[in-house]
Amino acid sequence: MGNKRVLIVDDEARMRELIRLYLQSQYAISEAADGEEAIQRIPSECPDLVLLDVMTPNLDGWATLERIRAESAVPVVMLTARGDTPDRVRGLRMGADDYIGKPFDGRELLARLQAVLRRSYKAGYEVEAITVGDLVMQPSARTTLWRGQEIPLTPKEFELLLLLASHPGQVFPRERLRDRIWELDHDGVTQSRLLVGCA
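Scoring rules and cut-offs
Residues numbered from 1 in each chain as written. Predicted model: local features only at pLDDT ≥ 70, side-chain atom pairs only at ≥ 80, totals over all residues. Heavy atoms only, no water. Buried < 20%, exposed > 50% of the residue type's maximum accessible area, 1.4 Å probe, protein only. Helix = DSSP H or I, 4+ residues; strand = E, 2+ residues; numbered from the N terminus. Pairing = 2+ DSSP bridges. Contact = heavy atoms within 4.5 Å.

Draft legend 1. Seen up close, the pairing of strand β7 (residues 135–138). Of the two faces of β7, only the one carrying L135 and M137 is buried; V136 and Q138 on the other face are not. In textbook terms, the turn of a hairpin is the stretch between consecutive antiparallel strands, and for strand β6 (residues 130–132) and β7 this stretch comprises two residues, one of which, G133, has a positive phi near 60 degrees. Pairing geometry for β7 and strand β8 (residues 143–146), over four bridges, is antiparallel. Residue pairing across strands places M137 opposite T144, the latter belonging to β8.

Draft legend 2. Molecular detail of the environment of G35. Looking at the secondary structure, you find G35 in helix α2 (residues 35–45). Residue classification places G35 among the buried residues on the basis of a relative accessible area of 0%. Expressed as a C-alpha distance, the spacing of G35 and W62, which sit 27 residues apart in the sequence, is 9.3 Å. Once residues within four sequence positions are removed from consideration, G35 is found in contact with V9, T56, P57, L59 and T64.

As structure tokens, this is what we get:
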């Protein structure tokens, strides 16, 4: 993953500098000071991952994420000092791939980005919709519909249901489900394996 590109979106120059120091040995880094600048940069730079602060001026993180998801499946990791559960749920349901609260440990930040990128690029960019009876799953958009109504799922719930829907009638041992949905990174930290790709 050494050649992957990460776009850091944060209005605080010192925070962007700190994140750059943590990540520059592993990734090519570019920066944007707000959501509007990030939206302008993404088409030309085509980052492999966007690290997006929620509290940015001009266009906040929620609106920025919404606009990114309308045009791209690039992995987005939200970064914010607001670590409340409702905010985390909101971000994940809007299409974020992970959520990191400030302050954070540099090793955890790097591990989470690695996990998101690893899973994203194993999945590939374009995956067709999967239909099983009244259930329709769209992996690229990470949406689940039951009889036409969208069902909100956590990332792990989505991964588990997608695996089962992709193999109807197949029985999976518990160990295989554990290995497919959860994995350990090199520091021994359990990470969810999220299904998205960069458009």
